[in-house]
Amino acid sequence: MPLTELMGYVVTSVLEEMRGNPGDPQVQAMGVNMLRAMIKDSEALKRIVLAGGGVEVLVLGVQQHPTDEDLLTGALEAIDELHGLASLLQALDHLKASPPGARAGLWAFARAAKDRWAEVGALPHRETVRVILSTAHAHQDDYRVLSTALELLADLMMEVVDMRCAFSDLGGWPWLLQVMEANAHHGRIQLYGCKLLSALCRGGCLVEAHMSETVTVLERCFVQHEADECVLYWAFWAVQQLNGARALVNPMRNGCFKTASAMVAALKSLAAVTLGESDGACAEDMPAVVAAVVHAMDMFSERFDVLYEAMAVLGHVAVFVLGSSAGASVRQQLLPCVEVAVKALLHVMVTRSSDACSVQSACVALAGIIESCPEASPVRASIRAALLGGSGEGEHLLAKIIAAHVSNDSLQMALMWLNGIVVGVGPILQQMAQHSASHAVQLPAIRTLALLYGERIELEAADLASLPAALQSVLAAMRRFPENIVLQQHACYSLCAMTEHVADVPGSVSDEALSQCAVAAVEALRLVRGRCDGRQDSASYNALYLRKEGTRCIVAVCAMRPSLGRWLRESGLQDVLADALRSTADSVWDGRRDPEAEETLRLELLALSYVLGPPAILEALRRWGVVKPAVVRAAADAVVDLARGAMNRKLSDTPDPEMVAFAAPVQALIAAGCGAEFLAVMQVHAADEDLQSRIHLAVGFVGGCPPQL
């Protein structure tokens, strides 16, 4: 090809010029740069260079200018382009006695390796590590050689696990620790030394004999480089990989970290240590850990960043102690350290009660501790007494903080949850009544009620007794904020969670109260009636989620009292449900699956089935089944839910003849020909394996013979 021939002529000319002027550094440098530019990604030109004696020309230039690092680096990178990393490693071994040659060789090899780790992994591991270590050994006082060698070794140990054993076998550990100790004040050497330690401590080559010295080196690094965030990052990471919490705890207790940034980094690293599996991190070590963290809080009592990380560690440690597999006597002996952690958290709530962020962090930590305690635990009792003033009468600490931050949604949520798990539902309902006009109180309270009633299978007797009042409190909030979509969404979910416990307290919740819940859910659905939910924005998501939770609430209420479905139909409210289904289905793209939309569609179909009868599912299949697999998936799941629900319901529970379809949905679906409709759409969506399995399950309930695929 003409262009290749032209470039070949240029290459030959460059080589002749370099061969004729070996002592001219400018000719050599220009020639090396041109050769590198031309042969990069060009196999044809590489062959021309090799055939023209290019390697010999490059070697001649290196021999003539052994102190020109730029020229050496360029020539070595050109050799790498021609022969690969193996030739570069050989060149480094040859040049290692010369400081410029060692620096250029290390730099060229490190730069080439970063883009070709697969090729690096194919090199002989022991030989690769030997060349680099021997190069560094030859220049123990050359800062640049040492830092470059450490950086290269750190990257190698990170990327090529098998090289760690070679490093250890070749005496790498004593060399590394000696280099870090001799250059304790050099930030760059400490940085790459810590990075190398973090890679080595991941496993495969850690020598027990060097453990103590490694910890000492890291502790010294913390102290001397506490203002260097990069050094601290890798030093703390090395400690975490070393599983040595003690390497953090001792410096923290001794006041070695004199800046807030260093203490924050130490606390973050301590939080990441695996408790129970680390050196200095078993259950018996937790009193020392707590003491060190509390000392850090005292040192930086005005720094939120330190307090935030410290409180997270205290909560983590306390939960670990309370759930430890140690014997009962050991746990009993460790309870005082949990009490110290609790007192420190409560102290923050009292002294920084005006700081919403500090209070919220303390609440989260205390909530985790309480949830780890049995009901009769003295730790739980002490927290309750501190938060509620012992007797629980008067304006206690929690009430003061709630009143002081009544407009802070995030903090209110944390406070409500803490209140709920400490005392129960009652105080939350009191706060809702006291601050009925505050959206910032009502929304967190509703969300907390949903968690308390939704995530606990067995409720306390007091919480069950408060169920009717809780329903009315949520309904009152919905009436107070009828236009707030987010509040309506969470309120519907909360009503659903509470409705599922109605059977646990027979007779306590009237049919009228349940009908109020259903009507409130329908009214919430009116907020988004006809609104699109297929866009990628928050308003669209909120519309979809409100439809989901609104229909979930109606399904829960009607499942508890099937007669309410007929009442909703007679009240003319079925149109709102039909519109919700239509809006969600139309928002899903034809031929696409959408898990969020499918769950919403399932709930909408179930709600319509309770109101209009199970054959409502058939209409959806006929209208959208061919073009919208998401609707098919939702319909199949709805059929399965109805069938399984009917298995748990006795026909005698619903003696009204008009309710037979609701009591026996499978028979109603079979009579309407639902099985045939599923078989038809099964053929249309034959390529969707997940959908096929869902349809097979549904057809198993409503009849029909699935085709053999």
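One structure accompanies this document, and this report is about it. (Residues numbered from 1 in each chain as written. Predicted model: local features only at pLDDT ≥ 70, side-chain atom pairs only at ≥ 80, totals over all residues. Heavy atoms only, no water.)

1. Observations regarding the side chain of aspartate 637
Quick note on the threshold: Put simply, DSSP marks the helices as runs of H or I at least four residues long and the strands as runs of E at least two long, and each gets a number from the N terminus on. Think of it in three bands: with a 1.4 Å probe and only protein chains considered, a residue is buried below 20% of the maximum accessible area for its type, exposed above 50%, and partly exposed in between. In what follows, residue pairs with any heavy atoms lying within 4.5 Å of each other are defined as contacts.
Topologically, aspartate 637 is positioned in helix α36 (residues 629–647). In this structure aspartate 637 comes out as buried when scored by relative accessible area, which is 14%. Once residues within four sequence positions are removed from consideration, aspartate 637 is found in contact with Arg602 and Arg694.

2. Quick word on the packing of aromatic side chains
We count it as follows: To pair, rings of Phe, Tyr and Trp, with the six-membered ring standing in for Trp, must have centres within 6.5 Å; the planes then decide the type, stacked if under 30 degrees apart, edge-to-face if over 60, and tilted in the middle.
If you walk through the whole model with that rule in mind, you get 2 aromatic pairs. Ring plane angle 90 degrees and centroid distance 5.1 Å describe the contact between tyrosine 233 and tryptophan 234, whose orientation is recorded as edge-to-face. A relative accessible area of 19% places tryptophan 234 in the buried class. Taking the centre distance of 5.7 Å and the plane angle of 50 degrees together, the rings of phenylalanine 304 and tyrosine 308 count as tilted. Of this pair, phenylalanine 304 and tyrosine 308 are both found in helix α19 (residues 304–322), 4 residues apart, which corresponds to roughly one turn of the helix.

3. So, the nonpolar core
What counts here: Here the nonpolar core consists of buried residues drawn from Ala, Val, Leu, Ile, Met, Phe, Trp, Tyr and Cys, with membership extended through side-chain atoms lying within 4.5 Å.
By size, the foremost hydrophobic cluster in this structure holds 252 residues, and its most contacted members are Phe167 and Phe678. With residues up to four places along the chain from it excluded, the contact list for phenylalanine 678 reads Leu621, Val632, Ala635, Ala636, Val639, Ile695, Ala698, Val699 and Val702.

4. Here we look at the state of the cysteines
Applicable threshold: Disulfide: a pair of cysteine sulfur atoms within 2.5 Å of each other.
Here the structure, examined in full by the defined rule, presents 0 disulfides. No disulfide involves cysteine 553; its sulfur sits 5.3 Å from that of cysteine 492, the nearest cysteine.

5. Side note on a nonpolar patch on the surface
Selection rule: Patches here are clusters of residues that have more than 30% relative accessible area and form no salt bridge, with a 9 Å joining cutoff for like charges and a 5 Å cutoff for nonpolar side chains (Val, Leu, Ile, Met, Phe, Trp, Tyr). The protein chains shown are the only cover counted for residues, whose accessible areas, like all others here, come from Shrake-Rupley with a 1.4 Å probe. We define a salt bridge as a contact between a side-chain nitrogen of Lys or Arg and a carboxyl oxygen of Asp or Glu at a distance within 4 Å.
On the surface, a nonpolar cluster with roughly 240 Å² of combined accessible area is contributed by Val626, Val627 and Val684. Secondary-structure assignment places valine 684 in helix α39 (residues 674–684). Assessed through its relative accessible area of 44%, valine 684 is described here as partly exposed.

6. Regarding the pattern of salt bridges
Counted according to the given criterion, the structure contains 32 salt bridges. Here aspartate 690 ties to arginine 633 by a salt bridge, and the two come within 3.0 Å at their closest N and O atoms. One end of the pair, aspartate 690, is in helix α40 (residues 689–702); the other, arginine 633, is in helix α36, and 57 residues separate them in sequence. Several salt bridges converge on common partners, so that one network encompasses Arg593, Glu598, Arg633, Asp637, Asp688, Asp690 and Arg694.

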